[in-house]
Amino acid sequence: LDSSRNNHLAEVPFPEIIELNVGGQVYITRYTTLTSVPDSLLWEMFSRKSTKGLARDTKGRFFVDRDGFLFRYILDYMRDQQLVLPDHFPERGRLQREAEFFNLPELVKQLAPKISKQNSLGDEGCQSDPEDSSPGIDTARNLGSLGAAAAACASLVPSAMDGKRSGFITIGYRGSYTLGRDSHTDSKFRRVARIMVCGKTSLAKEVFGETLNESRDPDRPPERYTSRYYLKFTFLEQAFDKLADAGFHMVACNSTGTCAFAHEQTDDKIWTSYTEYVFYRE
């Protein structure tokens, strides 16, 4: 039995650890994870006897042209066939579409919206991405059925004030820097790769105009919320200036930092960080 099993493993053209490039996001996982759900798209891709026909990027990683950010939930599901999402997850519909593409029928069922007479939102709760096109009227109409949680969301819905609406805009960025063994050594900072924008589409477009890159979330209605926009420039001060010119003031900020790894030869430590700034206009 051992010899037959070893022969079977020898026939598999894939390594035990596989690197994937999904829409520009790199994932590293086990071969057994990718083939854990029979008849799924990934199972079909990595159960073949040859790697021919599978797309690869310039670094030789297997390439899948799908949403790289949502793939993390697809991969999590394939590890133990359980669905775990953050509270008030705003992209359930998009994730359901990804589950359909990867041919995961059980996951599609779990993501299907649950409609009830008492609450048309089912178990979605308070969403950060409301569908209504006239928030002032529809929010008041639905408060009775949505309860206290929806009332908390409704308190953040902008209202028309002198032609400009109140609301929040959050900008965030990921950065990294190198710190040597001597604490007095100058830190080597890398430039900001991307400044992300979260908030209502209409506010984001008003503030940033043509400098707002909408390619990650095209054709989004003005009354919808998004966390997928980013700016075409990479200077935080420029973003601050535009927000200040539009009447926004910073009300909160937070930052996290972790030591990713240390350089083998110099012992320099590579640190990565994520920072967010929250702005509000009355």
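Quick summary incoming for the structure in this document. Keep in mind that what you see is a predicted model, and the values were worked out from it rather than measured.

### Some details on the overall build of the protein
Helices and strands together make up the secondary structure of the protein, namely 9 helices and 12 strands. Looking at the 282 residues of the protein, the share that counts as buried comes to 37%. Within the protein, contacts between residues separated by at least 24 positions form 61% of all contacts whose residues are at least 6 apart in sequence. For the protein, the accessible area works out to roughly 17400 Å², and carbon and sulfur atoms hold 51% of it.

### Overview of the side chain of asparagine 21
With respect to the helices and strands, asparagine 21 occurs in strand β1 (residues 17–22). Among the residues examined, asparagine 21 registers a relative accessible area of 10% and is labelled buried. Side-chain polar atoms of asparagine 21 contact the backbone nitrogen of glycine 24, separated by 2.9 Å. Contact partners of asparagine 21, with chain neighbours within four places excluded, come to Asp57, Arg61, Phe62, Phe63 and Val64.

### Side note on the pattern of salt bridges
Taken as a whole, this structure holds 14 salt bridges when the rule is applied. As a salt-bridge pair, arginine 228 and aspartate 67 come within 3.0 Å of each other at their nearest N and O atoms. Residue arginine 228 is located in strand β10 (residues 225–231), and its partner aspartate 67 is located in the loop between β3 (62–64) and α4 (71–80); the two are separated by 161 residues in the primary sequence. Given a relative accessible area of 12%, arginine 228 falls into the buried group. Taking relative accessible area as the criterion, aspartate 67 reaches 14% and is therefore assigned buried. The partner of arginine 220 in a salt bridge is aspartate 217, and the shortest N-O contact between them spans 3.4 Å. An identical accessibility class is assigned to arginine 220 and aspartate 217; each is buried. In the salt-bridge network here, residues are joined through shared partners; they are Asp67, Glu91, Arg94, Asp217, Arg220 and Arg228.

### Notes on the environment of arginine 48
When you line up the elements, arginine 48 lands in the loop between α3 (41–46) and β3. Residue classification places arginine 48 among the partly exposed residues on the basis of a relative accessible area of 33%. Arginine 48 sits 34 residues away from phenylalanine 14 along the chain, and the two C-alpha atoms are 9.3 Å apart. Arginine 48 has contacts with Pro13, Phe14, Gly53 and Leu54, leaving out every residue within four places of it along the chain. Among the polar contacts listed, one links the side chain of arginine 48 to the backbone oxygen of methionine 45, at a separation of 3.3 Å.

### Notes on the side chain of arginine 61
Mapped onto the fold, arginine 61 is located in the loop between α3 and β3. Contact partners of arginine 61, with chain neighbours within four places excluded, come to Glu19, Asn21, Val26, Ala55 and Arg56.

### So, the nonpolar core
In terms of nonpolar packing, the biggest core is built from 30 residues, with Ile18, Leu20, Leu42, Phe46, Phe71, Ile74 and Leu95 touching the most fellow members. Mapped onto this core, the elements with two or more residues apiece are β1, α2 (31–34), α3, β3, α4, α5 (92–101) and α6 (105–111). The biggest single contributor to this core is α4, with 6 residues. If we ignore the near neighbours within four places in the chain, the residues touching leucine 20 are Gln25, Val26, Tyr27, Leu34, Phe46, Phe62 and Phe71. One finds Ile169, Tyr173, Val192 and Tyr229 within the second-largest nonpolar core, a separate group that totals 21 residues.

### Thoughts on unusual backbone geometry
A negative phi holds for most residues other than glycine; trans holds for most peptide bonds. Within the chain, aspartate 39 stands out as a residue other than glycine whose phi angle is a positive 70°. Note on placement: aspartate 39 falls in the loop between α2 and α3. Take aspartate 39: its relative accessible area is 47%, and that puts it in the partly exposed class. Although it is not a glycine, glutamine 81 adopts a positive phi angle of roughly 60°. Relative to the helices and strands, glutamine 81 is located in the loop between α4 and α5.

### Considering the pairing of strand β8 (residues 195–200)
Counting buried positions along β8 yields 5 of 6 residues, so the element is predominantly enclosed. Pairing of β8 with β10 involves 4 bridges; the strand directions are antiparallel. From the neighbouring strand, valine 197 faces β10, where its bridge partner is tyrosine 229.

### Looking at helix α9 (residues 236–245)
Buried within α9 we find Leu236, Ala239 and Leu243. Buried residues in α9, looked at end-on, bunch into an arc of 60°, giving them a common side. Residues Glu237 and Asp245 are exposed on α9 and point more than 90 degrees away from its buried face. Where α9 ends, the next residue or the one after it, glycine 247, has phi of about 90°, a positive value.

Criteria and thresholds
Residues numbered from 1 in each chain as written. Predicted model: local features only at pLDDT ≥ 70, side-chain atom pairs only at ≥ 80, totals over all residues. Heavy atoms only, no water. Helix = DSSP H or I, 4+ residues; strand = E, 2+ residues; numbered from the N terminus. Buried < 20%, exposed > 50% of the residue type's maximum accessible area, 1.4 Å probe, protein only. Contact = heavy atoms within 4.5 Å. Areas by Shrake-Rupley, 256 points an atom, 1.4 Å probe, with all protein chains shown as cover. Polar contact = N/O pair within 3.5 Å; in protein donor to acceptor, adjacent residues only side chain to side chain. Salt bridge = Lys/Arg side-chain N within 4 Å of Asp/Glu carboxyl O. Core = buried A, V, L, I, M, F, W, Y, C linked by side-chain atoms within 4.5 Å. Pairing = 2+ DSSP bridges. Arc of directions from axis to C-beta.

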